[in-house]
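Fold and geometry: a report
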Amino acid sequence: MFSNASNSNSAPPPAPAEGKPPGSLALVVLTLGLLAALVWAMAPVRPKFEPAPLRLVPSGCPKDLPDFVPSDATEIPVSI
């Protein structure tokens, strides 16, 4: 009943497509654009900061800066 010979009425199977699909670049650009829009939409609102107004130094304050004393402390003492 079954025959191994090919049937002349059947069409050959389609060949697999090689290379990138024609819309792959557009898909990449669209994906990157949507990701950028998502990041922009999720960014927190930043308030507009203004520096504090300068105040005059009272006359009783010392105007000399203390000397800087370098140290080689590399550990924080732990008290238990």
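Computed from a predicted structure; not experimentally measured.

**Focus: the overall build of the protein chain**
Scanning the protein chain for helices and strands turns up one helix and zero strands. Taking all 80 residues of the protein chain together, 0% fall into the buried category. Total accessible area on the protein chain is roughly 9,400 Å²; 66% of this is exposed by carbon and sulfur atoms.

**Some points on a nonpolar patch on the surface**
A cluster of nonpolar residues, V28, L32, L35, L38 and M42, forms a patch on the protein surface that exposes about 510 Å² of accessible area. Looking at the secondary structure, you find M42 in helix α1 (residues 24-42). With a relative accessible area of 63%, M42 lands in the exposed category.

**Observations regarding α1**
For α1, spanning 19 residues, the distance from its first C-alpha to its last is 27 Å, which sits close to the expected 27 Å at 1.5 Å a residue. Little of α1 is tucked away, with zero of its 19 residues classed as buried.

Reading the values: the criteria
- Residues numbered from 1 in each chain as written.
- Predicted model: local features only at pLDDT ≥ 70, side-chain atom pairs only at ≥ 80, totals over all residues.
- Heavy atoms only, no water.
- Helix = DSSP H or I, 4+ residues; strand = E, 2+ residues; numbered from the N terminus.
- Buried < 20%, exposed > 50% of the residue type's maximum accessible area, 1.4 Å probe, protein only.
- Areas by Shrake-Rupley, 256 points an atom, 1.4 Å probe, with all protein chains shown as cover.
- Patch = residues over 30% accessible without salt bridge, like charges linked within 9 Å, V, L, I, M, F, W, Y side chains within 5 Å.
- Salt bridge = Lys/Arg side-chain N within 4 Å of Asp/Glu carboxyl O.
- Expected span 1.5 Å × (residues − 1).

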